Each structure stands twice: as structure tokens, then as C-alpha cells.
Amino acid sequence: MAASTAHRSTAAPSDGRSPEEAGLSGRAPVEVTTWLVLRRVAMRYRPYRWHTVGSGLLVLITVGMSTAAPLLLQRIIDDALPRHDTTLLAVLCGLMMALGLVGSLLGVAETALTNWTGQRVAARLRVDVYDRARAQPLRFYSEQGQAQIQARLVSDIDGIDRFLTSTVHQALSALTALVAVGIAMIILSWPLALVSLALTALLSLFNNRFARRRRLLFRQRQRLLTTVLRYVSEDLSLSGVLLGRTLRRTRTQRDRFVEVAEDIRDVTFRQRIAGMSAYTVIGVSFACVPPLIFWAYGTFTPTVSVGAVVVLVMLQTRLSQPIQSLLRLSGGVQASVVMFERVLEYLDMDAPERDVAPVRRTPAGPAEVRLRGVSCRYPGSPAPALAGVDLDFPAGSVTVVTGHTGSGKSTLGLVLAGLLSPDTGTVRVDGGSALPRAAATLIPQHTALLHGTIRDNLLFARDGVSQAELDRVLDTVRLGSLITASRHGWDTSIGENGLQLSGGERQRLGIARALLADCRLLVVDEATSALDQHTADRVTEALREHCRDKTLVLIAHRLPRLEPQDRVIVLDRGRVAEHGTHGLLSRAGGAYASLLAAQPVARPARREPPHPEPPRRAPELPLRTT
Ligand SMILES: Nc1ncnc2c1ncn2[C@@H]1O[C@H](COP(=O)(O)OP(=O)(O)OP(=O)(O)O)[C@@H](O)[C@H]1O
């Protein structure tokens, strides 16, 4: 069975959404409050605290300077102009210009500093989410799906990046402006200032009523966008297009895409309208304040000077800007909280998988593996995939694992390669002195290939691979003709996941790459299933030859040619039905003998003279080159 499907999810949410859209592992998303987000953000800013303090100070200074300008204006109107004091007028006007110039320069410095720190925090966050996602067991990837992981790493972190560099900066400026303008107003006329501030408080309360709704709508929108990503990767990939066209379901694919596009349209509309109603009320309220100030001045406070009234109105307008921008920003903050919520969901996961360095083959030699009482059950599965398995894989042995479909062969391969931890039982490599993950390499049936050239794919196996090694492994898997027949040789591009190669070529390239990796135990899971019988036999022969210094485990439905002393394990519903040497079991008349008898073609024994390599046909899809 393909390792890629070895962890398919079993829990489907009842509302028809995929598990990834329902939240991690079907769990409800973590509820995050704005305060929690601010605390977590503050923690991430800790290494840059002095830069942050610097940004904050620059904001204070620039806002303070821009608030001081109207006070100078009051002096111009009340003192310099009525008294025709040209010296005072020149000084005050000069000061106003200087304040404007210095304020702008400091503003540039502040933006640069804020972005410098914000980008670093966002980049670190992206790497942390990537690392956390990489440290998950295989089940995570099949449950979450690629689109979900992509959405967190790309669009959510992009949104957080905007929040850190733009929203936080604007909020800080607006808050500072609010305080500074408030103080200036109190200095000029405290009763009028109080009226303005009370109105501000009222409007904030009103705005908060809309905030929660906007957050809910934004969360819904992010989920829908994730679904779009999933549909795009499913419908607009080569395999997705083939699926749609061969089953004549392209209309269905389009319909579900249209449905989600329309859902996004509606949710976005509701989200924007929810914000707009609040902004309209706020805008109208602020527009009414200047006439109210003039009226109050004329009616109740005639002792305040004309200059003070002009400046009060000016400050009131200034006050309305930060308030309106804060209220608008609260929409952005709600969106960022949702994105944080989604990112924290990943960051707060356990990280059970750790990277292990491969153990150098020499001088350690082939690995010896012992399984005792190994059982594995996939979540939601009624029966265990492996049940109480006791097996020995002696160092340097060649073992074939076979059995009917679903008998647990791939699960055993994953356990041997250290990719799946058994629920109970032990896996010991060299008596427990080595980790399975460090000693083993698994070749899955559906090999993942990189979107690059043949050379890129092979060099990924290990650092410092020589050209002689490359030639040797390609020869081992009988793929030398792929290089000679292609115009660009080693630098031939193979397309996304090797889609410009045939299925058999893809498999052989995957085998060649695994042969370059340092390992002492090689597990090959149906890795020649796409090859014709003859080529499969030749590749398996060469593989055995190449792996003389390794322990080799071949998982196969279609049995390869074996030596009498080769070991055979027959699995049946997760249990070992039979195990022994090929020589003994083929004559024992048991499960293995029946599987042998059921093989499609009777083949000559091993050591027959090999057939010459068939001439390579030109690839059907044009090979692209880099
Ligand atoms: N991720 C999963 N979630 C739930 N059940 C699973 C999962 N992967 C495998 N199984 C189940 O575990 C059992 C063993 O599966 P496994 O893939 O190991 O069998 P196999 O012998 O390799 O099958 P095949 O020959 O068809 O490739 C099967 O019943 C299968 O349905």
C-alpha cells in the first residue's frame, strides 16, 4: 500500500466540511482573546525590546510635535496677529515649519524601525509554524491537507505581518494622538474637552458591538479561502484535471468552486457592511461636534478666546481622526486575532517528531531489527493494522513481506522505518543502540519527487554525492537511458512531482535517490509496482546487489525472484501468518505456497541470464528543461 495513504483520516465532520476546515484534528479552534494575542505578540517582541521602545518613543515625539502646532496657531491668532508683533509672528511661523519638517523625518525613521522589527518577528513566526507543522506525526498531514497548512503559512502569516508592521503602528500613533490632543484640549477648555471625550467613549462602546460580529465573519471567510486553496490544488493539478475529465465530472468540480466563491462573496459583503454601519454613525457624530462647540462657546463659555475656539475645533477634527482610525483598526485587529488564533493552533501543538541525523553506514554495517509485541491501530479503525507482531530481521538479510491487501504490510514498513510509533511493543535496532529513523530509509510506492531536474532530485538524498555515485545508482535502477535520450541530460526538468516522467521512471528515480541516502536498513514498499515484470526483476536484482551492506526488506504483492535462504513473512489481518525461508515455505504448502501459486506468470529461477535493457522510448510529454 502507498505510504501516502497510510494515514487517511477517518473522522468526517458532520456539517460536510473536511476535517481541516473543522479545525485541527476535528477539534474546535482555540478561542483566543485580543489580550491573549497581545501578550503572545509582546513575548515575540522581547528580543527586539529596545527597537520597540525606540519606535514607541519616535511615535510619541512625532505625534507630540504635530499636536503642538495648533497651540502655536492659537498664539498666532490671539497674540501675534492682533498686536501686529512681526517678530513673534516670524518665530511662531518658523517653529511651526520646523515642527513639520522634523516630525516628517522622525516619521520616516519610525516607519523604518517598526518594519525592521515587525518583519523579523513575522519571519520568525513563519519559521516556527513551519517547524511545528514538520514535527507532527504522519496522521497530521492527511487530516489537515496541504491547503490548510499552506493557508496558515502564507495568508495567515501575511495578515499577521500586516498587523505587526501597519496595524500596530497606526494604533499606537492614533492612541498617542488621542492622548496628546486630549491633553491639549483640556488645557484650552476642560468642559468642552470633557464633552468630546465622553462622546468618544460612547462611540467606542457602540463600535465594540460590531467587533465580535466582524470577527466571526472574518473567521468564516478564512475557512472559505482555505477551501478555495484545496479546490484549486485538487481541480487544477494534472491529476485533478485527469480525474475530472475521465469521469466527466468537470461540471461538478466547477459547481463546487462556484459555490464556495459565492459564499466568499456573501461573507465578505456582510463583513464589510457590518463595519460600514459603525463607521457611518461615528463619522456623522463627529461631523456634528464643531457646530456644537461654536454653539457652546457662544452660549455658555464666552470667556474662551477666539483663537482657543478655532484651535479647539481644529483639535476636535484632529481627535476625530485617531478615533475613527482606531475604530476602523479594530476591524483589522479582529481579523488579525482570527489569523493569530489559526496560527496559535499550530504553534501550540505538541512536537513529537524530531529530526534525526542518519547514522553513517560505515563502519556500522547492516542493521539488525527486532520487533516484540508490536501493535498499531489507526484512529477510528475497528481492527488493529498490526496485532502483537514478533519478528526478527537479521543484519544483512533479505526479507520479503507479503500478504493480501490490507493485511498490514505498509504499516509494518512504516514501523520498521521509524515513521510510525507502535501503540504497544518495541522496535529495537542493533539491540536498542540505534534509532529506527536514523538507521532506515523507506521507499514508498508513490515516491514524492521535487519540482526540479533529475540531478536536483538525486542530490537531495545526501550532501557530497559524486558524479560517479550518480552514474552508479542510475545504472542500478536501469535508468541510464533517461539521461542519454534527453537533450539536457542530468539537467532535464521532470515537472511537478515528476509528472513529465512515466510512472515506472518516477518509481525508479525514487529508488535511485533512496540508494544514495546513508542507511543501514532499506524498506522498499511496492516500489516496482509500476514496472513490467521483466524490468521489475532486473531492478530488484540490482537493488539486492547494491544493498549487500544493508538489511533489505521488500514489501510486495507480486513476489520477486528469491534465493532459498531469503526470508519471507506472510501477514494476515495484522498478524504474522507464516514466516521462514523461501526454500522452506515454498514447499510447506501453507499461505506462502498458495500466494506463490497465485502469481501471474511462472518465472525462471534467479540467476538466469538477464535480458538486454529495452531501448528507451521518447517520453510522451515534452520534457521541459531548466
Ligand atoms: N490512515 C489510516 N487510517 C485508518 N486506517 C488505516 C490507515 N492506513 C491504513 N489503514 C488500515 O490499516 C489496515 C492495514 O493497512 P496497510 O496499508 O498496512 O495494508 P497493506 O497490506 O499495505 O495493504 P495494500 O496491500 O492494499 O497496500 C487496513 O485495514 C487499512 O484500511
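- Looking up the protein chain in an unreviewed UniProt entry gives the name ATP-binding cassette, subfamily B, with the organism given as Micromonospora chokoriensis.
- One UniProt comment on the protein chain, placed under Subcellular location (unreviewed entry), says "Cell membrane".

## Considering the overall build of the protein chain
Phase 1: Along the protein chain, the regular secondary structure elements total 19 helices and nine strands.
Phase 2: In the protein chain, which comprises 626 residues, the share counted as buried stands at 36%.

## Structural notes on the packing of helix α2 (residues 49-80) against helix α5 (residues 146-188)
Phase 1: One way to put it is that α2 packs onto α5 with a least axis distance of 9 Å and a crossing angle of 40 degrees. Crossing handedness for the pair α2 and α5: right-handed. In contact with G56, V59, L60, V63, G64, T67, P70 and L71 of α2, α5 contributes L172, S173, T176, A177, A180, V181 and A184.
Phase 2: Across the contact of α2 with α5, the residue classes tally to ten nonpolar, five polar and no charged.

## Re the sheet that holds strand β5 (residues 440-443)
Phase 1: Taken in spatial order, the six strands of this open sheet run β5-β6-β7-β3-β8-β9, and their pairing is mixed. The open sheet has two edge strands, β5 and β9 (575-581), and neither has a second partner. With strand direction ignored, the average angle separating the axes of adjacent strands in the sheet is 15 degrees.
Phase 2: When strand β3 (residues 398-403) meets strand β7 (residues 551-555), the two strands line up parallel, connected through four bridges. Within β7, the residue paired with V398 across the bridge is L552.
Phase 3: Running over the sheet, helix α11 (residues 409-416) touches β3, β5, β6 (521-525), β7 and β8 (567-572) and is turned about 155 degrees from β6.

## Points about the domain arrangement of the protein chain
Phase 1: Each assigned domain of the protein chain is listed with its residue range as follows: domain 1 (31-347) and domain 2 (367-597).
Phase 2: The centre of domain 1, based on its C-alpha atoms, is set 55 Å off from the matching centre of domain 2.

## Remarks on the environment of L101
Phase 1: Residue placement: L101 occurs in helix α3 (residues 86-134).
Phase 2: On the basis of neighbour count, L101 is assigned to the exposed category, with 11 C-beta atoms found within 10 Å.

## Looking at the environment of R265
Phase 1: Its location among the elements puts R265 in helix α8 (residues 250-299).
Phase 2: What makes R265 exposed here is the crowd of 11 C-beta atoms within 10 Å.
Phase 3: For the pair R265 and R221, spaced 44 residues apart in the sequence, the C-alpha separation amounts to 9.2 Å.

## Brief notes about the pairing of β8
As a general feature of sheets, a regular strand has side chains that alternate between the two faces.
Phase 1: Of all six residues in β8, five are buried; the element is thus mostly enclosed.
Phase 2: Judged from the five bridges that link them, β3 and β8 form a sheet pairing that is parallel. For G403, the partnering residue across the bridge sits in β8 and is L571.
Phase 3: Bridge analysis of β8 against β9 gives six bridges, and the strand direction is antiparallel. Counted as the bridge partner of D572 is R575 from β9.
Phase 4: Count of turn residues in the β8/β9 antiparallel hairpin: two residues, of which R573 carries a positive phi of about 45 degrees.

## Points about the sheet that holds strand β4 (residues 424-429)
The pairing of strands in a sheet happens through backbone hydrogen bonds and is either parallel or antiparallel.
Phase 1: Spatially, the three strands line up as an open sheet ordered β2-β1-β4, and their pairing is antiparallel. If you trace the sheet from one side to the other, it starts and ends with β2 (386-393) and β4, each paired once. When the angles between neighbouring strand axes are averaged without regard to direction, this sheet yields 15 degrees.
Phase 2: Set on the sheet, α11 makes contact with β1 (369-376), β2 and β4; between it and β1 the angle comes to about 125 degrees.

## Considering the packing of helix α14 (residues 467-476) against helix α16 (residues 503-516)
Phase 1: Relative orientation of the contacting elements α14 and α16 amounts to 135 degrees, with a least axis distance of 9 Å. Overall, the two elements α14 and α16 adopt an arrangement that is oblique. Along this stretch, α14 crosses α16, giving a crossing that reads as right-handed. Across the interface between the two elements, E469, V473, L474 and T476 of α14 pack against A512, L515 and L516 of α16.
Phase 2: A class-by-class count of the residues in the contact of α14 with α16 yields five nonpolar, one polar and one charged.

## Focus: α11
Phase 1: Of all eight residues that make up α11, eight are buried, and the element is covered over most of its length.
Phase 2: Burial in α11 covers these residues: K409, S410, T411, L412, G413, L414, V415 and L416.
Phase 3: Looking one or two residues beyond α11, the residue adopting positive phi is G418, at roughly 75 degrees.

## Comments concerning α14
Phase 1: When α14 is considered as a whole, its buried residues turn out to be V473, L474 and T476. Take α14 and look down its axis: the buried residues cluster within an arc of 155 degrees, on one side only. Every exposed residue of α14 that faces more than 90 degrees away from the buried side is listed here: Q467 and A468.
Phase 2: Considering only its buried residues, α14 is in contact with α15 (480-485), α16 and α17 (533-546).
Phase 3: A positive phi of about 55 degrees marks R478, the residue just after α14.

What counts as what
- Residues numbered from 1 in each chain as written.
- Predicted model: local features only at pLDDT ≥ 70, side-chain atom pairs only at ≥ 80, totals over all residues.
- UniProt positions renumbered as here; feature names shortened; annotations may be inferred.
- Helix = DSSP H or I, 4+ residues; strand = E, 2+ residues; numbered from the N terminus.
- Buried ≥ 20, exposed ≤ 12 C-beta atoms within 10 Å, placed from the backbone.
- Axes fitted to C-alpha atoms, helices over the stretch in contact; angles between N-to-C directions.
- Left-handed = near helix turned anticlockwise from the far one by under 90°.
- Contact = placed C-beta atoms within 7 Å.
- Nonpolar A, V, L, I, M, F, W, Y, C, P; charged D, E, K, R; others polar.
- Pairing = 2+ DSSP bridges.
- Domains from an automatic or database assignment.
- Parallel < 35°, antiparallel > 145°, perpendicular 65-115°, else oblique.
- Arc of directions from axis to C-beta.

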